[in-house]
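Listed below are the residues making up each chain.
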Amino acid sequence: MIYRGRYYNGSRASLVAAAQAAMSDYRFQHVLRVEEMAVRLADKWGVDAELASVAALTHDYAKERSDADFLAKIAEKQLDPDLVNWGNNVWHGIVGAEMVKDELGIQNEDILTAIRQHTTGAPYMTTLSQIIYMADYIEAGRDFPGVEEVRALAFDDLAASVGWQTGHTLAYLIEKRVPVYPGTLLTYNAWSVEK
C-alpha cells in the first residue's frame, strides 16, 4: 500500500518501523494481522484503506508502555482524572491516542478516536472506529468460541458485530469478577441490547 501523506507524514514502511520499535514482536505480529483485517473491512464498508491502515498500525502503539508513562500523559494532557483508577487495558487506547498524536504526529481525529475506542468502544462510533474495534477482536490469530461466527458477521452487519463483541466481552469480564470500565457499559447499552 502506498501512503499518500493524508493521515501520516511518511511512508507505510516508516510507520511499520515506528510501530515495530514500540512493541514486542508478539504484539507487532498482532498489529500486522489487525491491519490486514482492518483493510479488508474498510474495503467492504467503504472506508479509505489508508485511513484504516494507519489506525490499525497505531492502535496498540502504547500497549507496552509503563504505568508511569501513562500517568504522566494523563496529567500532562489533563485527561479525565478517573483514568488514574484504571490500567493498561483502558489506558493504551484512551491515553495511547495522545502518545500517537505527540510522538508520531498523527493529527487525524477519526484515527485518534478509533485508537481511543478500540478496547472500550463508545455509544457513538464512526465506521472507522467500528472497523478497528472489530479488526482487533477478529484478526486471524484470534481463537475463541464463536470467532468464526463474529468474523462472518463483521462482513455482513458491522454494527451487529460490534454489539456481539461488546456483549461477549462484558459477559467475560463479569464472569471473571473484574471491574468494568463505565464506558464499556455505555457501549453495551448502545450496541448490544434489544431495542
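Procedures and definitions
Residues numbered from 1 in each chain as written. Predicted model: local features only at pLDDT ≥ 70, side-chain atom pairs only at ≥ 80, totals over all residues. Heavy atoms only, no water. UniProt positions renumbered as here; feature names shortened; annotations may be inferred. Phe/Tyr/Trp six-rings, centres within 6.5 Å; stacked < 30°, edge-to-face > 60°. Helix = DSSP H or I, 4+ residues; strand = E, 2+ residues; numbered from the N terminus. Buried < 20%, exposed > 50% of the residue type's maximum accessible area, 1.4 Å probe, protein only. Lys NZ or Arg CZ within 6 Å of the ring centre and 35° of its normal. Polar contact = N/O pair within 3.5 Å; in protein donor to acceptor, adjacent residues only side chain to side chain. Contact = heavy atoms within 4.5 Å.

The name given to the chain in an unreviewed UniProt entry is bis(5'-nucleosyl)-tetraphosphatase (symmetrical), with Weissella cibaria as the source organism. Turning to the chain, the UniProt annotation filed under Catalytic activity (unreviewed entry) states: "P(1),P(4)-bis(5'-adenosyl) tetraphosphate + H2O = 2 ADP + 2 H(+)".

A. Spotlight on the packing of aromatic side chains. Within the structure shown, the criterion is met by four aromatic pairs. A ring pair is formed by Trp 86 and Tyr 181, whose centres lie 5.2 Å apart and whose planes are at 90°; its orientation type is edge-to-face. You can see Trp 86 sitting in the loop between α4 (67-76) and α5 (88-94) and its partner Tyr 181 sitting in the loop between α10 (158-176) and α11 (182-191), a full 95 residues away along the chain. Judged by its relative accessible area of 16%, Tyr 181 falls in the buried class. Consider the rings of Tyr 137 and Phe 144, whose centres lie 4.8 Å apart with planes at 45°: the pair is tilted. The rings of Tyr 137, Phe 144 and Trp 164 are connected pair by pair, giving a single aromatic cluster. Taking NZ or CZ as reference, Lys 44 lies 5.3 Å from the ring centre of Trp 45, over its face.

B. Examining the side chain of Lys 73 more closely. Here Lys 73 shows up in helix α4. A polar contact is formed between the side chain of Lys 73 and the side chain of Glu 76, at a distance of 3.3 Å. Discounting chain neighbours no more than four positions away, the residues touching Lys 73 are Leu 79, Val 95, Glu 98, Met 99 and Asp 102.

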